[in-house]
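# Residue-level structural notes
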Amino acid sequence: GELNAAGERFLAARGGLGGSLATNFVPCKGQRRIVRLDLKLIADVGLVGFPNAGKSSLLSKISHAKPKIANYAFTTIQPELGKIMYADYKQISVADLPGLIEGAHANKGMGHKFLKHVERTKQLLLVVDISGFQLSVKTQFRTAFETVLLLTKELELYKEELLTKPALLAINKMDLPCAKDNLSELMKQLQNPQDIFHLLQEDMIPENTLEFKDIIPISTYTGEGIEELKASIRKSIDEEAEQENEEYRKKKLLLLQTSV
């Protein structure tokens, strides 16, 4: 069962019947159950990325949150929540979630501890290191394009519905040498991903690819692209809210028409 709104109820175990004449006023025992409660963080936007992609640095740049930032993998071990404040007092909540690794859908690394929170975010913001990613010397190096595919694959294997969420892509660390050349290559690959698939291992390729509403190059070190990213997040959230309002209006109108 799930409780997602105020006032919702769920029956976990039935109580026993009270004493009566038939039972000589001895009450019957109720059901006995062991119940696991799982709290899922709710946020407008969830930051998705491999360890050390710069998610915590990004959250500290776009909000007043002060997450732990360090140059090693798995700095973030629990979700951190921040709010983007806009000039018109609009607020958008952003969740910095522990980094994914390959096999997270099977509960490797932070695994399900991370992915359960993604279910409760309205939109996804993938954060990718333009220079690529390598967890350790024992693991294979992944390019930025491969990182996008692997993140998509992990989300898909955990729950396919996650790929239906609106998504943005932030390409981080644009202050690094050769970043512009890498970005140019990545944009070509993202435009025609099928052209690259034959060069990759089959288990890296997701059944469905994420359709990004916007792709923004950023640098959390220099601040490049941060304002553009904030504007893009706002636009995406507003569009989604307007779409939901339109669907609600249509349902109300349909109910009125059928009741007449």
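Residues numbered from 1 in each chain as written. Predicted model: local features only at pLDDT ≥ 70, side-chain atom pairs only at ≥ 80, totals over all residues. Heavy atoms only, no water.

In the annotation of an unreviewed UniProt entry, the protein chain is listed under the name GTP-binding protein 10 and assigned to Geococcyx californianus.

### Looking at empty space enclosed by the protein
Let me state the cut-off plainly: For cavity detection a 1 Å grid was placed over the protein atoms alone, and a set of points counts as a cavity when a 1.4 Å probe fits there but cannot get out; an open set counts as a pocket when protein lies on both sides within 12 Å along at least five of seven lines, with lining residues being those that have an atom within 4 Å of a point. Grid points are joined across faces, edges and corners, and a volume is the space filled by probe spheres set on the points. Amino acid classes used here: Ala, Val, Leu, Ile, Met, Phe, Trp, Tyr, Cys and Pro are nonpolar; Asp, Glu, Lys and Arg are charged; the rest, including Gly, are polar.
A full pass over the atoms with the stated rule returns one cavity of 30 Å³ or more. Space inside the largest cavity adds up to approximately 40 Å³. Taken together, F50, P51, N52, A53, V128, D129, G132, F133 and T147 make up the full set of residues lining the largest cavity. Considering only residue class, the lining of the largest cavity consists of five nonpolar, three polar and one charged.

### Overview of the nonpolar core
Here is the rule we go by: Take the buried Ala, Val, Leu, Ile, Met, Phe, Trp, Tyr and Cys residues and link them wherever side-chain atoms come within 4.5 Å; each set so joined is a nonpolar core. Relative accessibility decides the category of a residue: with a 1.4 Å probe and only protein chains considered, values under 20% of the type maximum give buried, values over 50% give exposed, and everything between is partly exposed. Under the DSSP-based scheme used, a helix requires at least four consecutive residues in state H or I and a strand at least two consecutive residues in state E, with every element numbered from the N terminus. Throughout, a residue-residue contact means that at least one pair of heavy atoms, one from each residue, lies within 4.5 Å.
Ranked by internal contacts, the top residues of the largest apolar core, which has 37 residues, are L126, F145, L155 and L169. Looking at this core, the elements that each hand over two or more residues are strand 1 (43-48), helix 2 (111-118), strand 4 (121-129), helix 3 (144-158), strand 5 (167-172), helix 4 (179-191) and helix 5 (194-197). Top contributing element to this core by residue count: helix 3, with seven residues. Dropping the residues within four chain positions of it, L169 is found in contact with L125, L126, V128, V148, L190, F212, D214, I215 and I216. Core analysis: the next-biggest nonpolar cluster, separate from the first, contains 20 residues, L47, Y86, V127 and I226 among them.

### Observations regarding helix 1 (residues 55-62)
Each full turn of the α-helix corresponds to 3.6 residues, which orients residues three or four apart in the same direction. Burial runs high along helix 1: six of the eight residues are buried. Of all the residues in helix 1, the buried ones are K55, S56, S57, L58, L59 and I62. Packing partners of the buried residues in helix 1 comprise strand 1, strand 2 (80-85), strand 3 (91-96), strand 4 and helix 6 (226-259).

### As for the pattern of salt bridges
Using the following cut-off: Each salt bridge in this description consists of a side-chain nitrogen of Lys or Arg and a carboxyl oxygen of Asp or Glu lying within 4 Å of one another.
Going through the model one piece at a time under the given rule, you end up with 11 salt bridges. Between K122 and D44 there is a salt bridge whose closest N-O contact spans 3.4 Å. Of the two residues, K122 sits in strand 4 while D44 sits in strand 1, which places them 78 residues apart along the sequence. Assessed through its relative accessible area of 14%, D44 is described here as buried. Put simply, R234 and D88 hold a salt bridge, and the shortest N to O gap is 2.7 Å. Linking R234 in helix 6 with D88 in the loop between strand 2 and strand 3, this pair joins segments that are 146 residues apart in sequence. Accessibility expressed as a relative area gives 47% for D88, which makes it partly exposed.

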